[in-house]
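So the chains spell out like this:
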Amino acid sequence: MAETRITDITRFLDEKGRIVTESTQEKNHVTYLAAIVLMSSFPAPEYPSEYIVKCRRRPNRKPCMEEIIAYVGPETDDNIIWMCPKCKDGGTISNWRGTLWDLSDFSTSVI
Ligand SMILES: [Zn+2]
């Protein structure tokens, strides 16, 4: 798939918010981004270890497996910025709020 730096994740979702893609490769990519959304929207500074996303790039055919760093900030227009500190893979995810993987709603809807 074309590598755009900003990925609008709703492009890959149906009206119920489920992933709809044309290829397994694309589905794997969207599932990976969804995991990053889960991790970065977790409503606490420390997320549980099962939310950690490992880098899936294979530079020089060796799995990178470094922990992905991701964050949301006002300076990022509410987009999620993610990157691998080792192989420098990374990108931006937009339109993630309100998706199935947006955990930030949990804290606000309870109040
Ligand atoms: Zn990496």
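Participant: Explain the overall build of the chain to me, and be specific about the residues and the numbers.
Facilitator: Counting secondary structure elements, the chain contains two helices and four strands. Scanning the chain from its N terminus toward the C terminus, one meets helices and strands in the order β-α-β-β-β-α. With the C-alpha coordinates of the chain rotated into their principal frame, the extents come out at 50 × 30 × 25 Å. Residue burial in the chain is summarised as follows: out of 111 residues, 36% are buried. Restricting to contacts in the chain with at least 6 residues of sequence separation, those with at least 24 account for 45%. Accessible surface, the chain: about 7400 Å² in total, of which carbon and sulfur atoms supply 52%. For the chain, the separation between the mean place of its 14 positive charges and that of its 16 negative charges on side chains is 10 Å.

Participant: Can you explain the coordination of the zinc ion? Please cite residues and give values.
Facilitator: Listed as protein donors to the zinc ion are Cys 55 (SG), Cys 64 (SG), Cys 84 (SG) and Cys 87 (SG); their distances from the metal cover 2.2 to 2.4 Å. For the zinc ion, the four donor atoms are set out with angles of 102 to 119° between them, so the coordination reads as tetrahedral. In primary-sequence terms, the residues that donate to the zinc ion follow C-x8-C-x19-C-x2-C. Within this pair, whereas Cys 64 is found in the loop between α1 (24–41) and β2 (69–72), its partner Cys 84 is found in the loop between β3 (80–83) and β4 (90–94), the two being separated by 20 residues in sequence. By relative accessible area, which is 7% here, Cys 64 ends up buried. Classification of Cys 84 by relative accessible area gives buried; the value is 0%.

Participant: Please set out unusual backbone geometry residue by residue, giving values where relevant.
Facilitator: Phi is positive for Met 65, close to 60°, though the residue is something other than glycine. Classification of Met 65 by relative accessible area gives partly exposed; the value is 48%. Here Asn 95, not a glycine, exhibits a phi torsion of approximately 60°, which is positive. Structurally, the position occupied by Asn 95 is in the loop between β4 and α2 (104–110). Taking the relative accessible area as the measure of exposure, Asn 95 reaches 44% and is therefore partly exposed.

Participant: Explain a nonpolar patch on the surface to me, and be specific about the residues and the numbers.
Facilitator: Together, Ile 69, Tyr 71 and Met 83 make up a nonpolar patch on the protein surface, roughly 270 Å² of accessible area in all. Among the structural elements, Tyr 71 can be located in strand β2. Overall, Tyr 71 belongs to the partly exposed group, its relative accessible area being 41%.

Participant: Talk me through the pattern of salt bridges; I want residue IDs and the actual numbers.
Facilitator: Summed over all chains, the structure comprises three salt bridges. Close ionic contact of Asp 14 with Arg 18 constitutes a salt bridge, the shortest N to O distance being 3.3 Å. With relative accessibility at 46%, the residue Arg 18 sits in the partly exposed group. Here Asp 78 and Arg 97 are joined by a salt bridge, their closest N and O atoms 2.5 Å apart. Taken together, the residues span a long stretch of sequence, with Asp 78 in the loop between β2 and β3 and Arg 97 in the loop between β4 and α2 at a distance of 19 residues. On the accessibility criterion, Arg 97 (44% relative accessible area) is partly exposed.

Conventions and cut-offs
- Residues numbered from 1 in each chain as written.
- Predicted model: local features only at pLDDT ≥ 70, side-chain atom pairs only at ≥ 80, totals over all residues.
- Heavy atoms only, no water.
- Helix = DSSP H or I, 4+ residues; strand = E, 2+ residues; numbered from the N terminus.
- Buried < 20%, exposed > 50% of the residue type's maximum accessible area, 1.4 Å probe, protein only.
- Contact = heavy atoms within 4.5 Å.
- Areas by Shrake-Rupley, 256 points an atom, 1.4 Å probe, with all protein chains shown as cover.
- Lys, Arg positive; Asp, Glu negative; His and termini not counted.
- Charge placed at Lys NZ, Arg CZ, Asp CG, Glu CD.
- Donors = N, O, S within 2.8 Å, 3.2 Å for Na, K, Ca; no water.
- Tetrahedral: all angles 85-135°; square planar, octahedral: opposite > 155°, others 65-115°.
- Patch = residues over 30% accessible without salt bridge, like charges linked within 9 Å, V, L, I, M, F, W, Y side chains within 5 Å.
- Salt bridge = Lys/Arg side-chain N within 4 Å of Asp/Glu carboxyl O.

Function-wise, these values are silent; they only describe arrangement.
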